[in-house]
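Spelled out from the first residue to the last, the chains are:
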Amino acid sequence: MPVSEIAARVAAGGRLSPEDALVLYQEAPTPLLGRLADDVRRRKHPGNVVTYIIDRNVNYTNVCVARCKFCAFYRPVGSAEGYTLGFEEIFRKIDETIRLGGVQLLLQGGHNPDVPLAWYEDLFRQVKQRYPEFRLHALSPPEIIHISRLSQLPVASVIERLVAAGLDSVPGGGAEILVDRVRKLLNCYNKATADEWLGVMREAHRAGLRTTATMMYGTVETVEERLEHLLRLRALQDETGGFTAFITWSYQPQHTELGGTEATGVEYLRTLAIARIVLDNFDNLQASWVTQGGKVGQLSLAYGANDMGSVMIEENVVRAAGAEYCMDEFEVVRNIENAGFAAKRRNMHYDILGDPIFRERRVPRMLELAVARSDGRAGEADDLRDYEARSAAGRRAREGSKGA
Ligand code: SF4
């Protein structure tokens with residue numbers, strides 16, 4: 001079918017077939033793709049509001065056995081640069097987040113064999129005791145699979161226990177491209193196959209949790225495989241309705257084993273737009289300013305995004321791969337308003353919480369993103385010594401620290 005006929009079908013609110021999506025993605029001029037995506041956004045969000053959330057991306061450990069080829073963040077078990085945060089360090093981060101108007105932690109980390117399920121349960125319970133209103137958007141599907149393997153419990157049981165301890169929602173990280181050919185090439189097949197990633201999300205939705213979905217493109221995948229990824233998400237959303245939002249970003253190549261170059265801003269906007277058109281059952285699409293910068297983030301609002309994502313406060317993962325953009329709430333709101341929209345704070349469920357917090361009270365400006373530990377210290381926090389370590393290096397370290 002020619003582009004003009006496919007465009008007319010999209011404009012009429014029709015669903016795209018895989019074949020039509022491919023023609024549109026490959027052949028439609030960028031302004032047309034943007035206009036079609038913008039029409040979809042307007043139909044779903046007829047008001048003139050663009051939302052954002054104030055939260056903090058806390059990476060509780062960088063120790064990881066998965067060794068994905070695109071990752072510059074992880075350190076192997078036993079590395080002198082490996083770290084695992086302690087509860088008190090995480091509580092201090094929550095205190096700072098609340099001071100800046102934040103409402104949740106996005107808590108994700110490496111697949112550390114020396115952090116057992118009990119550690120997560122204790123952490124979540126204590127967070128909920130101290131901060132009953134604060135939300136835990138935590139543990140991507142591959143982390144949940146890792147904990148399931150470590151504890152030898154089914155995924156559904158791990159989710160049930162985490163929810164009982166205080167888990168509120170699940171971030172859609174670790175999806176990369178949900179095609180096993182790609183996952184094998186990126187060495188992320190063993191951490192989670194495409195079916196396993198989707199299976200965790202299905203279980204989370206069954207358990208009543210809302211989750212997000214992501215796509216990292218620009219490594220070794222074909223255009224057809226990007227679309228297969230989107231179509232698999234659309235199919236699961238048809239089944240469960242549990243996804244709140246979709247976020248896509250380009251692979252960040254610096255300091256990674258895979259190397260290569262980063263996709264252009266134009267490719268980002270085209271990919272965002274085709275996602276907005278294909279994912280007709282997703283309410284929300286976020287702009288990824290943290291990888292694309294503020295100005296492309298702002299342009300995203302004309303290419304299908306209705307949300308500027310997170311003010312973030314802290315970020316460690318994409319920064320390790322070369323992305324160093326920082327925007328505090330003031331900057332996020334400025335970009336939204338200069339594009340002609342009203343900026344509103346939201347929570348993970350996309351409920352509007354109010355106007356920008358800096359218009360309600362004084363909040364400090366934040367000119368750079370925080371990191372896991374501001375003094376750059378490595379090593380695991382002392383409170384880890386009370387938990388069972390699985391690796392030989394971890395056991396030795398904990399025995400040594402008990403004797404000290
Ligand atoms: S992307 Fe995640 S799972 Fe993969 S190596 Fe990095 S920290 Fe580990």
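It should be noted that the structure appears before, not after, this text.
Computed from a predicted model, the values in this text were never measured in an experiment.

(A) Focus on unusual backbone geometry. Phi is positive for Arg 67, close to 60 degrees, though the residue is something other than glycine. Among the structural elements, Arg 67 can be located in the loop between strand S2 (55-59) and strand S3 (83-84). Backbone geometry places Gln 152, a non-glycine residue, at a positive phi of 55 degrees. Tracing the chain through its elements places Gln 152 in the loop between helix H6 (141-151) and helix H7 (155-165).

(B) Representation of the pairing of strand S5 (residues 135-138). Looking at chain direction, strand S4 (residues 104-108) and S5 are connected through 4 bridges and run parallel. Counterpart to Leu 105 in the pairing with S5 is Leu 136. Each parallel crossover has a hand, and the one from S4 via helix H5 (residues 117-130) to S5 is right-handed.

(C) Main features of the site of the ligand. Near the ligand the following residues occur: Cys 64, Ala 66, Arg 67, Cys 68, Phe 70, Cys 71, Tyr 74, Gly 110, His 111 and Lys 191. Across the shell around the ligand, the residue classes tally to 6 nonpolar, 2 polar and 2 charged.

(D) A look at the environment of Tyr 52. Within the secondary structure, Tyr 52 sits in strand S1 (residues 49-53). By relative accessible area, Tyr 52 is classed as buried at 0%. A sequence separation of 345 residues divides Tyr 52 from Ala 397, and the C-alpha atoms of the two residues are 42 Å apart.

Reading the values: rules and limits
- Residues numbered from 1 in each chain as written.
- Predicted model: local features only at pLDDT ≥ 70, side-chain atom pairs only at ≥ 80, totals over all residues.
- Heavy atoms only, no water.
- Helix = DSSP H or I, 4+ residues; strand = E, 2+ residues; numbered from the N terminus.
- Pairing = 2+ DSSP bridges.
- Right-handed = clockwise from strand over helix to strand, strands pointing away.
- Near = heavy atom within 4 Å.
- Nonpolar A, V, L, I, M, F, W, Y, C, P; charged D, E, K, R; others polar.
- Buried < 20%, exposed > 50% of the residue type's maximum accessible area, 1.4 Å probe, protein only.

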